[in-house]
Amino acid sequence: MIKLFDVYVDITDTIGVKGRLHDVYMLSFTGEVKGRYFNGKVIGTGVDTQYSSKDRPVLLSARYMLEGKDIDGNECRCFIENNGSFDDGFIPKIVTDSPALAEFEEAELKAEIVTKENGVIVSIFR
């Protein structure tokens, strides 16, 4: 596996609802991105939706937009959607306007998530 980049997520707000059968939390976040293929930041606010029930693993679905420079030093944007669970793993999808990163739109990607103070580090691999 080749690491594309790390997203250093800083959670800014959490809202939620506890239902009879399920709980849902939406975590707003900002952050920085560092790596070989892309360096930049989260633009606007990203959102990680966490859906839990008593008989299944917590399902996570994060969506966010990045702005920065690709491996060739060109300005670009990337949209990331990362879905999965800690039990089954995380599968990110990338959409980008960077010709240098375009191949990642169709690549099989994997993400690993590690907690840190006030957030997480999301590492994306090919």
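Residues numbered from 1 in each chain as written. Predicted model: local features only at pLDDT ≥ 70, side-chain atom pairs only at ≥ 80, totals over all residues. Heavy atoms only, no water.

Caption draft 1: Structural detail: the overall build of the chain. From N to C terminus, the chain includes zero helices and eight strands. A globule of 126 residues ought to have a C-alpha radius of gyration of about 14 Å, and the chain, at 15 Å, matches this closely. By principal-axis analysis of the C-alpha atoms, the chain measures approximately 50 × 25 × 25 Å. With 126 residues in all, the chain has 37% of them scored as buried. Considering only residue pairs separated by 6 or more positions, the chain has 44% of its internal contacts joining residues 24 or more positions apart. (Helix = DSSP H or I, 4+ residues; strand = E, 2+ residues; numbered from the N terminus. Rg over C-alpha atoms; globule rule 2.2 N^0.38 Å. Buried < 20%, exposed > 50% of the residue type's maximum accessible area, 1.4 Å probe, protein only. Contact = heavy atoms within 4.5 Å.)

Caption draft 2: Region of the structure containing the side chain of Ser52. Within the secondary structure layout, Ser52 lies in strand S3 (residues 38–53). Not counting the four nearest positions on each side in its chain, Ser52 is found in contact with Leu21, His22, Asp23 and Val58.

Caption draft 3: Structural view of the environment of Gly68. Following the sequence through the fold, Gly68 ends up in strand S4 (residues 56–70). Given a relative accessible area of 10%, Gly68 falls into the buried group. The spatial distance from the C-alpha of Gly68 to the C-alpha of Phe38 is 7.0 Å, given a sequence separation of 30 residues. Ignoring anything within four residues of it in the chain, the contact list for Gly68 reads Phe38, Asn39, Gly40, Asn74, Glu75 and Cys76.

Caption draft 4: Highlighting the environment of Ala102. Mapped onto the secondary structure, Ala102 falls in the loop between strand S6 (89–96) and strand S7 (110–116). Judged by its relative accessible area of 34%, Ala102 is partly exposed. For the pair formed by Ala102 and Cys78, sequence separation is 24 residues and the distance between their alpha carbons is 9.7 Å.

Caption draft 5: Expanded view of the layout of surface pockets. Approximately 260 Å³ is the volume found for the largest pocket. Counting only elements with at least two residues in the lining of the largest pocket, the list comes to strand S1 (3–18), strand S2 (22–34), S3, S4 and strand S8 (119–125). Looking at which element gives the most residues to the lining of the largest pocket, the answer is S4, with five residues. For the lining of the largest pocket, a count of residues per class yields 13 nonpolar, three polar and one charged. (1 Å grid on protein atoms, 1.4 Å probe; cavity = no way out; pocket = protein on both sides within 12 Å on 5 of 7 lines; lining within 4 Å. Points joined across faces, edges and corners; volume = space filled by probe spheres on them. Nonpolar A, V, L, I, M, F, W, Y, C, P; charged D, E, K, R; others polar.)

Caption draft 6: Focus on the packing of aromatic side chains. Throughout the structure, instances matching the rule amount to four aromatic pairs. An angle of 70 degrees between the planes, with centres 5.3 Å apart, marks the rings of Phe29 and Tyr64 as edge-to-face. Residue Phe29 is found in strand S2, and its partner Tyr64 is found in strand S4; the two are separated by 35 residues along the sequence. By relative accessible area, which is 3% here, Phe29 ends up buried. What makes Tyr64 buried here is its relative accessible area of 4%. The ring of Tyr8 carries Lys34 above its face, with NZ or CZ at 5.6 Å from the centroid. (Phe/Tyr/Trp six-rings, centres within 6.5 Å; stacked < 30°, edge-to-face > 60°. Lys NZ or Arg CZ within 6 Å of the ring centre and 35° of its normal.)

Caption draft 7: Focus on the pairing of S3. Here S2 runs beside S3; their pairing, made up of 10 bridges, is antiparallel. Within S3, the position partnered with Glu32 by the bridge is Lys41. Here S2 hands over to S3 after three residues, the two strands then running antiparallel side by side. As defined by bridge partners, S3 adjoins S4 across 12 bridges and the pair is classed as antiparallel. Following the sheet pairing, Asp48 is matched in S4 by Ala62. Hairpin connection from S3 to S4: two residues lie between these consecutive antiparallel strands. (Pairing = 2+ DSSP bridges.)

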